Amino acid sequence: MKSGLSRALCVAGLGALLIATAGPGFAQQADREIVLGAIVPSSGPFAEWGRANTVTLQMIEKQINGGGGINGAKLRIAILDDATKPAQATNNLRKLAGDDKALAVAGPLTSSAAEVTFPVANEMKIVATSQASSKPGVAKLNRPWAFRNTIDEGVLGRTTVPYYKKSFNIKSVAIIFDAKDATAATVGSRIMPALMKENDIEVLNASDPLSFNTGDLDVSAQVTKMKALNPDGVVVSADYSQAVTVIREMKRQGMIKPVVGSTQLISSAILKAAPEIPIVAPATFYATMKGDKPEKFVNELQPLLRKTSGLPPEIEPSMYDANIYEIVSIYIDAIKATGVTGKPEDLETDRAKIRDYMAKLAGFPGLGGPIGFNDDGDAIKAFYILQGESGAWQSKVRGCSAAPGHPGC
Amino acid sequence: MLLQQLVNGLTLGAVYTLIALSFSLVMGILGVLNLAIAELFMLGGYFGFAAILAKLPLPVALLAGMAGAALVAAVIERVGYQPFRDAPVVTPMLSTLGFSIILQNVATNIWGSDPLQLPDEVFGARFTLGPVSASAMQLTIVGATVVLVALLAFVVQRTALGRALRAVAENRDVARLLGVSAGPLTLLAFMLSGALAGAAGVLIGLHYAAITPYIGVEIGLKAIAVMVVGGTGRIWGALIAGPLIGVAEVMTTAYGGSQIRDFVVYGLMIVILLLRPQGLLGGARTEQGPRV
């Protein structure tokens, strides 16, 4: 009886000791926060993309915290609006890295913003991964901290243009581009002319480039000029909201010719502009993609997007929502895999751990297939050549941004 | 192609004319550049779209766009102009710039940043005459512009209201001594100006069948150039300068290259400012003060 009592007292004492020593630790663990940053354009010309990105980030934050957080710590994603202004994106990155002590940043969205923000990421030694920038060389110029979960437009064009040529028997094209958009201007003035030449397609206005400026409402003069050239097809290098103006004008002037462009064209809005004009463009994700992962992602995100005020009631998750979801998922995986503590004193080491994890990443399970990063900081992942038909995007060709046989694809 | 480009230029010029008149009306009477007019144009477009999507006929859509923009203009006058009436001229101008940004944000929050598109063009029928083709909507824009300019000119030059407006433009204090109520007239000038911008927004929105919250920015700047070229505060000046700038812009794009388009348009404005600061129809150079 006596020994039983002593044993019970010992157990109780040991328990009390354990609680006394481990209790505060548990409490700290529960209070501990892992902070990630995000830069999205929630206002300005790409507000739709930025707002949808915000909903996506809130969804993943809720999912992670609902599942117990990251290594017991709560995930907080600090989301800042850059209004698609490069200077604002840079200020946001400084705030996220300096004030919020974010471990890594998702964004900014555009190449114009990435071009000025990535050097600051290098300076502050924090990983920044763009969800949409695809102008060639933007991450490459800012190694080792800059990454892009996108594929270089030049790589995508090598599959897009041959498909376009074959499908529509294209022998000649006219090119029109948005001169004020960094990606559009590069694709329209350098990438597409070179790809057309590689594929023996004549550019009828090669010596007389046709352009317009972001925000232009009237492109009738440019379209009249293209129509007079009578090309077999038209290259429209602009983001979808500007491309809508060109395609509407083509329809108005009776210029029903197949259009080809970059990832910037991918949107549901562009398909409404002129359903009779076929549009070909590459994408790494599309809302009607088949498979467990993409379908689950769409089924979870779409209702949230549709009930968010300021977004169209018929909105679907975009490629950029998928990209930012993957970016945060990769960061979380890096934090779990490399023993990131999230403690203020470990901030520099933690950030470096995430950078090194990203640089060596291969075969991460993304929504459209495995993801890795090449030496330039751009994603190695699968892509699809989509064709806009009867108001919906249809996948026609599957490609990969790495060389054939590369484990990344 | 030359004739077709001329038609394109005239259509564009007609739009510039309407917005330039809108700027001109407030500038001529109050000497204030209302920078929110570009956004009144954009809002007019959205109101017109809403009416057309509700299956209302074009005249009703036009009236809805004009009335909606006029009401917003009245708010701008009360909140953004009246309190700063006696402040230096730059103060109300900055206040209207603030309104412009706010209205853009409001439109983005209500309608989103994606282009709002009509499923089919309104007045999509096209008329072809030899190498030239024009849509019914293009002809409507040019026709409506001429009618609205003539109507405004009639109101300003031939009616008691117009005389009162011109009196306030000439000298506000003297006009008040003569029994003219300057306050309500200022409000009316803002509302008329808003209605014109709203009409332009409806016509252009329906012509291009797609609008965004940002359509007013570029077109508003061009309209200011038109106002300067035509003569600040000159109604008929805008009718000449609008098509002039529109055709110059289109011809530059077609034959000179898109890259030098803005150089030509704004270069023309600077040349006019240097050589004839009162504008093409601005009267004698010695003539000073605002005119309607």
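Treat the numbers as computed from the prediction; the structure is a model and nothing was measured.

Asks: Teacher, can you tell me more about the overall build of chain B here?
Replies: Within chain B, the regular secondary structure consists of eleven helices and four strands. At 19 Å, chain B has a C-alpha radius of gyration in line with the 19 Å of a compact globule built from 292 residues. Principal-axis analysis of the C-alpha atoms gives chain B an extent of 60 × 45 × 35 Å. Taking all 292 residues of chain B together, the buried fraction comes to 54%. Long-range contacts, defined here as pairs at least 24 residues apart, represent 76% of the contacts in chain B between residues at least 6 apart.

Asks: Looking at this structure, how should I read the pairing of strand β4 (residues 127–130) of chain A?
Replies: For a regular strand, the rule is simple: side chains alternate between the two faces of the sheet. Residue and element names in this part refer to chain A. Where burial is concerned, the two faces of β4 agree: the one with Val 127 and Thr 129 and the one with Ala 128 and Ser 130 are both buried. Here strand β3 (residues 104–106) runs beside β4; their pairing, made up of three bridges, is parallel. Its bridge partner lying in β4, Val 105 is registered against Ala 128. As for the winding sense of the linkage, the β-α-β connection from β3 through helix α4 (residues 111–124) to β4 is right-handed. Here β4 pairs with strand β5 (residues 146–148) via three bridges, running parallel. Across the sheet, residue Ala 128 finds its bridge partner in β5, namely Ala 146.

Asks: Whenever I open this one, α4(A) confuses me. Can you help?
Replies: Residue and element names in this part refer to chain A. With 14 residues, α4 should reach 20 Å at 1.5 Å per residue; the first-to-last C-alpha distance of 19 Å fits that figure. Thr 117 marks where α4 bends most, by close to 30 degrees; the proline Pro 119 follows one to four residues later. Among the structural elements, α3 (86–98), β4, β5 and α6 (182–198) are those in contact with the buried residues of α4.

Asks: How should I be thinking about the environment of Pro275(A) in this particular structure?
Replies: Residue and element names in this part refer to chain A. Relative to the elements of secondary structure, Pro 275 occurs in the loop between α9 (268–273) and β11 (279–283). With 15 C-beta atoms counted inside 10 Å, the residue Pro 275 sits in the partly exposed group. Separated by 28 residues in sequence, Pro 275 and Ile 247 have C-alpha atoms that sit 9.8 Å apart. Leaving out residues up to four positions away in the same chain, Pro 275 has contacts with Ser 390 and Gly 391.

Asks: Just to check I follow, could you spell out the interface of chain B and chain A for this structure?
Replies: How big an interface is tends to be stated in terms of the accessible area lost upon association of its parts. On the side of chain A, 32 residues touch chain B, which itself brings 31 residues to the contact. Mapped onto the side of chain B that touches chain A, the elements with two or more residues apiece are α1 (2–30), α4 (90–111), α8 (182–208), α9 (215–230) and α10 (235–256) of chain B. Broken down by class, the residue content of the side of chain B that touches chain A amounts to 13 nonpolar, 15 polar and three charged.

Asks: Any chance you could explain the packing of α10(B) against helix α11 (residues 261–275) of chain B here in plain terms?
Replies: To describe two helices that pack against each other, one gives the angle between their axes and the distance between the axes. All names here are of chain B. Interhelical geometry of α10 versus α11 gives an angle of 150 degrees and a closest axis separation of 8 Å. What the angle tells us is that α10 and α11 run roughly antiparallel. Both α10 and α11 take part in a crossing whose hand is right-handed. Along the contact surface, α10 presents Ile 245, Ala 248, Glu 249, Thr 252 and Thr 253, while α11 presents Arg 261, Val 264, Val 265 and Leu 268. Here the residues of the contact of α10 with α11 are counted per class, giving five nonpolar, two polar and two charged.

Asks: Even after reading the chapter, I still don't get the sheet that holds strand β13 (residues 370–373) of chain A, so can you show me in this structure?
Replies: Whenever strands of a sheet pair, they do so through backbone hydrogen bonds, lying parallel or antiparallel. All names here are of chain A. Taken together, the three strands give an open sheet; going across it, the order is β12-β13-β14, and neighbouring strands pair in antiparallel fashion. Single-partner strands in this sheet number two, and they are β12 (364–365) and β14 (379–380). Sheet topology places β13 next to β14; two bridges connect them, and they run antiparallel. Residue pairing across strands places Gly 372 opposite Ile 380, the latter belonging to β14.

Asks: What am I meant to see in the environment of Asn205(A) here?
Replies: With respect to the helices, strands and loops of the structure, Asn205(A) is situated in the loop between β7 (202–203) and β8 (210–212). Taking C-alpha positions, Asn205(A) is 45 Å from Lys307(A), a pair spaced 102 residues apart along the chain.

Asks: Mind showing me how you'd approach the confidence of the model for chain B here?
Replies: Close inspection of predicted coordinates is inappropriate in any region flagged by low pLDDT. Residue and element names in this part refer to chain B. Here chain B averages 87 in pLDDT, and 95% of its residues register 70 or above. Across residues 285–292, confidence stays below pLDDT 50; counting only partners more than four residues off in sequence or on other chains, it has 20 contacts. For this predicted complex, the interface score ipTM comes out at 0.80, alongside a pTM of 0.81.

Asks: Please explain the nonpolar core as it appears in this structure.
Replies: One recurring pattern in soluble globular proteins is that nonpolar side chains are buried together. By size, the foremost hydrophobic cluster in this structure holds 226 residues, and its most contacted members are Leu36(A), Val105(A), Ile247(A), Val328(A) and Ile19(B). When residues in this core are grouped by element, the largest group, 16 residues, is from α8(B). Split by domain, the residues of this core number at least three in each of domain 1 (32–151 + 288–381) and domain 2 (154–283) of chain A. Sequence-distant contacts of Ile247(A), that is, excluding residues within four places in its chain, are made with Val236(A), Val259(A), Ile270(A), Ala273(A), Ala274(A) and Ile277(A).

Thresholds applied
- Residues numbered from 1 in each chain as written.
- Chains lettered and ligands numbered in written order.
- Predicted model: local features only at pLDDT ≥ 70, side-chain atom pairs only at ≥ 80, totals over all residues.
- Helix = DSSP H or I, 4+ residues; strand = E, 2+ residues; numbered from the N terminus.
- Rg over C-alpha atoms; globule rule 2.2 N^0.38 Å.
- Buried ≥ 20, exposed ≤ 12 C-beta atoms within 10 Å, placed from the backbone.
- Contact = placed C-beta atoms within 7 Å.
- Pairing = 2+ DSSP bridges.
- Right-handed = clockwise from strand over helix to strand, strands pointing away.
- Expected span 1.5 Å × (residues − 1).
- Bend = angle between axes of the 7 residues up to and from the residue.
- Nonpolar A, V, L, I, M, F, W, Y, C, P; charged D, E, K, R; others polar.
- Axes fitted to C-alpha atoms, helices over the stretch in contact; angles between N-to-C directions.
- Parallel < 35°, antiparallel > 145°, perpendicular 65-115°, else oblique.
- Left-handed = near helix turned anticlockwise from the far one by under 90°.
- pLDDT = per-residue confidence, 0-100.
- Core = buried A, V, L, I, M, F, W, Y, C linked by C-beta atoms within 7 Å.
- Domains from an automatic or database assignment.

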